[in-house]
Amino acid sequence: MRLNLRTALAPLALTLLSIPARPQQPPQQILQIGALNAPTDVLTQDNQWSSLISVLSNSDQDLYIEDPSTNAWLARNAQVFVDRGQYTITLVSFYKTVHACRADQIRAGFSDAAHVDACNNYRYRIRQIAVDAPQNTLTLLFSAMVFSGGALDASTIVRESRTRGFSGLDADSQKALSDTTKLAGQQSHSYIARQQNLH
């Protein structure tokens, strides 16, 4: 008896056709966008939405931080800040111009044409940093580009642990970091005092 390959494979082909295709995962929404395309909320490492607070604004970009007065941020950071002057925080850059995005890409080590040209599709960059105020250092833990609608571009995720001194930052970034540290300190000390009063 001669085997007909077409007849033998027909049931397999029907089975494969009946298996539903896996839907492509939509990009993760990581920013909520408000008026004039300004970001209003960020999805934090706690998987909670946090309001954003402006710490820097110039003609090219605005820089925001997650709200360090939230219980989730304080539970994660307050005691470590009070004890050692250290904290982690999420930053969001809002690029008002393509030039600002391109300059940021180049500073981050992505000076090739593909990365620089990709700025035509991005309005935001999200970063998570660890700050050691007494040592005057910060460590970039995570960064990624975010599309205009607030969705994360997973292909741009960079996880690292590069540490640098505050002195390596430009004047605007140093001021923004100083203001962030002051705000984090105020909120942390207030939170610890409230916790001690509860006990």
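Overview of the structure. Owing to the predicted nature of the structure, the values given are computational and were not obtained by experimental measurement. (Residues numbered from 1 in each chain as written. Predicted model: local features only at pLDDT ≥ 70, side-chain atom pairs only at ≥ 80, totals over all residues. Heavy atoms only, no water.)

## Looking at the packing of aromatic side chains
Inspection of every chain in the model, using the stated rule, returns four aromatic pairs. Centre to centre, the rings of Tyr-122 and Phe-147 are 5.5 Å apart; their planes meet at 35°, and the pair counts as tilted. With a gap of 25 residues between them, Tyr-122 in strand β6 (residues 122-132) and Phe-147 in strand β7 (residues 137-147) connect regions that are remote in the sequence. Given a relative accessible area of 28%, Phe-147 falls into the partly exposed group. Through successive ring pairs, a cluster of aromatic residues spans Trp-73, Phe-81 and Tyr-87. (Phe/Tyr/Trp six-rings, centres within 6.5 Å; stacked < 30°, edge-to-face > 60°. Helix = DSSP H or I, 4+ residues; strand = E, 2+ residues; numbered from the N terminus. Buried < 20%, exposed > 50% of the residue type's maximum accessible area, 1.4 Å probe, protein only.)

## Concerning the environment of Thr-97
If you trace the backbone, Thr-97 turns up in the loop between β5 (86-95) and α3 (98-107). Overall, Thr-97 belongs to the partly exposed group, its relative accessible area being 28%. The sequence separation of Thr-97 and Ser-59 amounts to 38 residues, and the corresponding C-alpha distance is 8.3 Å. Each residue touching Thr-97, except ones within four places of it in the same chain, is listed here: Ser-59 and Asp-60. (Contact = heavy atoms within 4.5 Å.)

## Brief notes about the nonpolar core
Soluble globular proteins tend to bury their nonpolar side chains together. Within the largest apolar cluster, 22 residues are counted, with the highest numbers of intra-cluster contacts made by Tyr-87, Ile-89, Ile-129, Val-131, Leu-138 and Leu-177. Of all the secondary structure elements, the ones that give two or more residues to this core are β3 (49-57), β4 (61-66), α2 (71-84), β5, β6, β7 and α5 (171-198). At five residues, α5 tops the list of elements feeding residues into this core. In this structure Ile-129 touches Tyr-87, Thr-88, Ile-89, Leu-91, Leu-138, Thr-139, Leu-140, Leu-141 and Leu-177, once residues within four positions along its chain are discounted. (Core = buried A, V, L, I, M, F, W, Y, C linked by side-chain atoms within 4.5 Å.)

## Remarks on the side chain of Arg-127
Along the polypeptide, Arg-127 turns up in strand β6. Judged by its relative accessible area of 15%, Arg-127 is buried. Within the local environment of Arg-127, its side chain forms a polar contact with the side chain of Asp-104, the two groups lying 2.6 Å apart. Once residues lying within four places of it in the same chain are set aside, the contact partners of Arg-127 are Ile-89, Thr-90, Leu-91, Ser-93, Tyr-95, Asp-104, Leu-140, Phe-142 and Ser-143. (Polar contact = N/O pair within 3.5 Å; in protein donor to acceptor, adjacent residues only side chain to side chain.)

## What about the packing of α2 against α5?
It is the contact of α2 with α5, at a shortest axis distance of 8 Å, that shows an interaxial angle of 95°. One way to sum up the angle between α2 and α5 is to call them roughly perpendicular. Contact with α2, carried on its side by Asn-71, Trp-73, Leu-74, Ala-75, Asn-77, Ala-78, Gln-79, Phe-81 and Val-82, involves Thr-181, Ala-184, Gly-185, Gln-187, Ser-188, His-189, Tyr-191, Ile-192 and Arg-194 of α5 and no other residues of that element. For the contact of α2 with α5, the per-class residue count stands at nine nonpolar, eight polar and one charged. (Axes fitted to C-alpha atoms, helices over the stretch in contact; angles between N-to-C directions. Parallel < 35°, antiparallel > 145°, perpendicular 65-115°, else oblique. Nonpolar A, V, L, I, M, F, W, Y, C, P; charged D, E, K, R; others polar.)

## Details of the sheet that holds β7
Spatial ordering of the open sheet is given by β1-β2-β3-β4-β5-β6-β7-β8, a layout of eight strands whose pairing is antiparallel. Of all the strands in the sheet, the pair left with one neighbour each is β1 (31-33) and β8 (158-165). Along the sheet, successive strands turn relative to each other by an average axial angle of 30°, direction set aside. Pairing of β1 with strand β2 (residues 39-43) involves three bridges; the strand directions are antiparallel. Counterpart to Gln-32 in the pairing with β2 is Asp-41. Here α2 sits on the sheet and contacts β4, β5 and β6; the angle it forms with β5, its principal contact strand, is near 120°. Strands in contact with α5 are β3, β4, β5, β6 and β7; relative to β3, the strand with the most contacts, it is inclined by about 135°. (Pairing = 2+ DSSP bridges.)

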